[in-house]
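The residues making up each chain are set out below.
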Amino acid sequence: MPADRPTRQALYRLGQLVERRSPLPPELPPAAGQARRRVLAELETYLNGFATQAQAQGMRVWWAEDYQQADRLVIERIRETGCTEVLRNHSPLFDEIALDRAAAGNGIKLIPIHPGDHYLQLTGASPLHPIWPSAHLGLRHLATAMAKAWKVPPSFDPDLLAGTARLRLRPLLLAVKVAVVGVHFAVAADGSLVCLDNDGHNAHLMALAEHLICLIGIEQVVADMADLELLIRAFSLAAWGQDQAHYVGVIAGPRMADGPRCVDVILLDNGRRRALAAGLSVALACIGCGACHAACPVYRQVGAMAYGRHARSGPIGAVLNPVMWPTRRTQDQPYLSSGCRACAAVCPVGIDLPDLLARQRRDLAARASWAERLGFWLWQRLLPYPRLFIPALRLARRLLWRA
Amino acid sequence: MRIALFATCTAQAFRPGLTAAGRKLAHDLGLTLVTPPQTCCGLPAWDAGRLEPARMAARQFVRVFAGYDLVLTPSPACRRMVCEHMPVLLATEPEAAAGMAVAARLVTWPAFLVEHVGVERFEPRFRGRIGYFPACTGTDEAAVQALLARITGAELPTVFRQDCCGYGLNLVWRYPELSRAMAEPVLMTLRLSGAALVLTDEVGCLVHLLAQQRRRPGPVLRHLVEFLADPDCCRLLPQR
């Protein structure tokens with residue numbers, strides 16, 4: 001169940017990185033949480049408001065009920081342009097809808113322009129973390145994959161490898177016609193879409209592409225620019241330990257002078273409305289910073305790969321996935337916890353993750369195995385009798401605890 | 001003052017010496033410590049989301065420990081179960097008020113020793129480096145620091161940064177490989193610190209880390225109470 005040693009080492013370093021940061025300002029999580037909850041309480045109103053404004057700006061708005069529909073919508077938009085080589089940015093949304101697979105199956109070359117994502121594609125590895133997707137790729141593994149894919153002499157010099165990557169990726173960026181962009185926030189008040197990053201790849205894509213196909217989960221709507229300012233700060237502090245993102249890219253529709261000529265925005269449901277209906281709007285306040293992942297001692301042993309291709313992984317994923325995408329595997333996730341509560345301390349929107357995880361475990365108790373049910377039946381019967389209970393516990397350890 | 005010992009099922013089953021050490025320590029300090037017949041606070045059932053067994057354990061807990069002035073436990077995790085989750089379980093039960101009363105009188109050993117006994121009664125001695133592993137479930141670090149400050153002869157008594165050993169939430173039987181893997185970085189920290197002795201006030205962490213350490217090199221692991229109850233490690237001064 002734990003990931004291999006190099007992955008665990010990378011996860012441990014991520015954990016250290018996050019641990020060394022100053023704690024969040026105490027007034028931030030309640031304020032940011034309230035801003036998110038206010039919108040989620042009337043999500044449909046804000047979504048319709050966003051759609052109206054976006055359309056008024058000249059964007060085309062599409063609704064995807066599930067990930068298959070999202071794939072179809074993206075592929076159709078790409079087909080309309082006639083392009084077969086398309087760039088994309090880094091976003092966990094692409095993993096959620098498995099767009100790489102759908103594009104390949106439809107004869108479209110989907111190239112991630114974010115170096116980390118590009119390396120994942122080269123090596124076939126799964127993302128490690130929503131913010132640092134490729135931190136677990138070892139230098140040798142990566143260098144070998146690059147040499148094979150790009151037909152260049154193999155080298156283990158990081159500077160040389162970075163230079164090679166730049167030489168390969170920069171021309172693609174400069175020549176981009178169509179880009180698929182997973183965005184962070186949609187502003188309901190004026191219909192704009194916002195991307196955050198520290199290296200500028202989103203801003204470049206937004207400025208250079210002629211046709212932008214934007215993808216966003218329906219829960220990432222914010223009310224207005226004031227909310228946005230607060231949430232950008234919350235996200236930057238929790239994801240990167242910075243007060244601000246280095247680049248804040250805002251798309252406000254197609255322009256005549258510069259920027260894209262055509263903007264499509266696809267609003268993705270894929271189980272989010274199911275989560276709202278199940279009373280998990282508090283959990284949908286999540287802005288995808290990944291801080292709870294890096295703080296979680298369980299996640300540090302297994303990585304994002306253990307949670308499957310879903311909207312979220314880590315502690316927040318363990319809360320949302322069993323409801324958004326109920327399967328046997330996702331319904332095991334709320335038990336992947338030690339109860340240490342490290343996640344609650346780092347969440348920038350104040351989600352009480354331990355409490356929600358306990359709630360999920362209560363809701364899922366009915367589907368326990370017969371062995372577990374028998375175990376607890378015995379536990380309950382022996383509870384009043386110390387002379388039976390304690391030896392039974394010792395026996396149980398010998399039989400069950402392979403740890 | 002009538003004090004009851006909430007020994008915990010973990011200690012009773014896997015570290016009976018800890019219960020004996022607690023009783024001895026109390027006796028040497030001149031306190032009346034009672035260990036009523038008891039089993040479990042219900043935390044495993046609560047963690048598994050099974051409210052009925054957990055509620056039954058809660059009602060039993062209140063029956064066993066009502067009527068004492070203070071209840072003492074070697075596990076912050078069990079204390080959290082009683083103080084945070086038991087009131088929720090008993091909210092609509094007749095034992096609700098009694099449950100709140102017991103919870104209000106439940107303390108872990110560091111807090112008890114500092115507030116009710118007084119650190120000046122302890123003269124711990126240890127030659128070598130001592131470390132302290134705080135439980136993720138709520139070690140009273142201020143009390144621990146006050147106790148560590150009393151140790152003479154020890155090199156750099158250090159409270160390690162909080163980490164999780166992987167014992168909690170039934171991981172030991174649900175995901176044993178994961179539970180084992182989570183103990184590794186903790187044991188590495190303890191080993192690399194160079195400490196000869198590492199203390200903790202959480203019996204769950206102690207039992208789990210001991211099991212994972214097995215035959216590997218590393219510090220001696222003991223509960224704070226076992227350390228203080230051992231006359232080779234700690235002289236107890238009479239009450240003034």
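A. Structural view of the interface of chain B and chain A. On the chain A side, the residues contacting the 51 residues of chain B number 42 residues. Viewed at the interface, chain A and chain B are joined by five salt bridges. Among the ionic pairs, A:Glu372 bridges to B:Arg50, the shortest N-O distance being 3.6 Å. Taken together, the connections running from chain B to chain A amount to twelve residue pairs in polar contact (both at pLDDT 80 or more). Secondary-structure elements contributing two or more residues to the side of chain B that touches chain A are helix H1 (9–14), helix H3 (43–47), helix H4 (51–65), helix H5 (76–89), helix H9 (171–174), helix H10 (176–192) and helix H11 (203–213) of chain B. Among the elements that make up the side of chain B that touches chain A, the one with the highest residue count is H10(B) (ten residues). Of the residues belonging to the side of chain B that touches chain A, the class tally is 28 nonpolar, twelve polar and eleven charged.

B. View of unusual backbone geometry. At A:Arg341, a residue that is not glycine, the phi angle is positive and equals roughly 70°. Of note, A:Arg341 is situated in the loop between helix H16 (314–324) and helix H17 (342–346). In the Ramachandran plot, B:Asn170 falls in the positive-phi region, its phi being about 60° despite a non-glycine side chain. Of note, B:Asn170 is situated in the loop between strand S6 (152–159) and H9. Residue classification places B:Asn170 among the buried residues on the basis of a relative accessible area of 9%.

C. Region of the structure containing the packing of H10(B) against H11(B). All names here are of chain B. Interhelical geometry of H10 versus H11 gives an angle of 85° and a closest axis separation of 10 Å. In terms of axis orientation, H10 runs roughly perpendicular to H11. Of the residues in H11, those touching H10 at Ser179, Arg180, Ala183, Val186, Leu187 and Leu190 are His208, Leu209, Gln212 and Gln213. Considered class by class, the residues forming the contact of H10 with H11 number five nonpolar, four polar and one charged.

Basis of the calculations
- Residues numbered from 1 in each chain as written.
- Chains lettered and ligands numbered in written order.
- Predicted model: local features only at pLDDT ≥ 70, side-chain atom pairs only at ≥ 80, totals over all residues.
- Heavy atoms only, no water.
- Contact = heavy atoms within 4.5 Å.
- Salt bridge = Lys/Arg side-chain N within 4 Å of Asp/Glu carboxyl O.
- Polar contact = N/O pair within 3.5 Å; in protein donor to acceptor, adjacent residues only side chain to side chain.
- Helix = DSSP H or I, 4+ residues; strand = E, 2+ residues; numbered from the N terminus.
- Nonpolar A, V, L, I, M, F, W, Y, C, P; charged D, E, K, R; others polar.
- Buried < 20%, exposed > 50% of the residue type's maximum accessible area, 1.4 Å probe, protein only.
- Axes fitted to C-alpha atoms, helices over the stretch in contact; angles between N-to-C directions.
- Parallel < 35°, antiparallel > 145°, perpendicular 65-115°, else oblique.

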